[in-house]
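Geometric and topological summary
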Amino acid sequence: MAEERTSLADLKDALAGAQTDGDGDAGDGIAGLTEVIFVEPTIDEHGRSYGTGRRKDAVARVWIKPGAGKFSVNGRTLDHYFARPTLRQIIVQPFNTTNRMDQFDVFCTVSGGGLSGQAGAVRHGISRALVNFEPGLRPALKHAGFMTRDSRVVERKKYGKAKARRSFQFSKR
């Protein structure tokens, strides 16, 4: 049961043979398989690409453009806005994954939520902006999980409870 390996050229020839009917006409069903679709980059007149990122209650609007790797978050530098190193590490993950560190300047505005949610929203926005700038980076970012919005949100408080699930302290007397 040894399988014969064929190249892409052999597969193309096989598809071309399968497309012809008995009349010699090309079939309709398989013709679309040989075409390759290229996605055009989305870049505005200033040379920037845009991406919206969301995480918990935070929303980030992110613009990237080729540059020296400067970050501006709500008018402040990355080190001043996100003081914890873990948050800064989360934000630069898309650049590390795609080997584009210090090649893009990032300008973003973020609102809502806490610092952790905002860092996740900025990471999501950077990933989407990178894909808009270079569509070829999408598989790497998708595989790393940066293109998917993290849908986990805080569970709502229920009546008769102290928090979402926490009960009030029971008193025997």
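Scroll up to find the structure this text is about.
Residues numbered from 1 in each chain as written. Predicted model: local features only at pLDDT ≥ 70, side-chain atom pairs only at ≥ 80, totals over all residues. Heavy atoms only, no water.

1. Structural notes on the overall build of the protein chain
- Helix and strand counts for the protein chain stand at six helices and four strands.
- Overall, the protein chain shows an N-to-C arrangement of helices and strands of α-β-β-β-α-α-α-β-α-α.
- Scored against the burial criterion, the 173 residues of the protein chain give a buried share of 29%.
- Look at the contacts in the protein chain between residues 6 or more apart in sequence, and 64% of them connect residues 24 or more apart.
- With an accessible surface of roughly 12,200 Å², the protein chain has 52% of that area assigned to carbon and sulfur atoms. (Helix = DSSP H or I, 4+ residues; strand = E, 2+ residues; numbered from the N terminus. Buried < 20%, exposed > 50% of the residue type's maximum accessible area, 1.4 Å probe, protein only. Contact = heavy atoms within 4.5 Å. Areas by Shrake-Rupley, 256 points an atom, 1.4 Å probe, with all protein chains shown as cover.)

2. So, the pattern of salt bridges
- Evaluation of the coordinates by the stated rule reveals seven salt bridges.
- Each of R55, D150 and R152 takes part in salt bridges that share partners, so that together they form one network. (Salt bridge = Lys/Arg side-chain N within 4 Å of Asp/Glu carboxyl O.)

3. Re the side chain of T98
- Considering the arrangement of structural elements, one finds T98 in the loop between α4 (93–97) and β4 (104–111).
- Excluding residues within four positions of it along the chain, T98 makes contact with L130, L137 and L141.

Any functional reading would require information that these geometric values do not contain.
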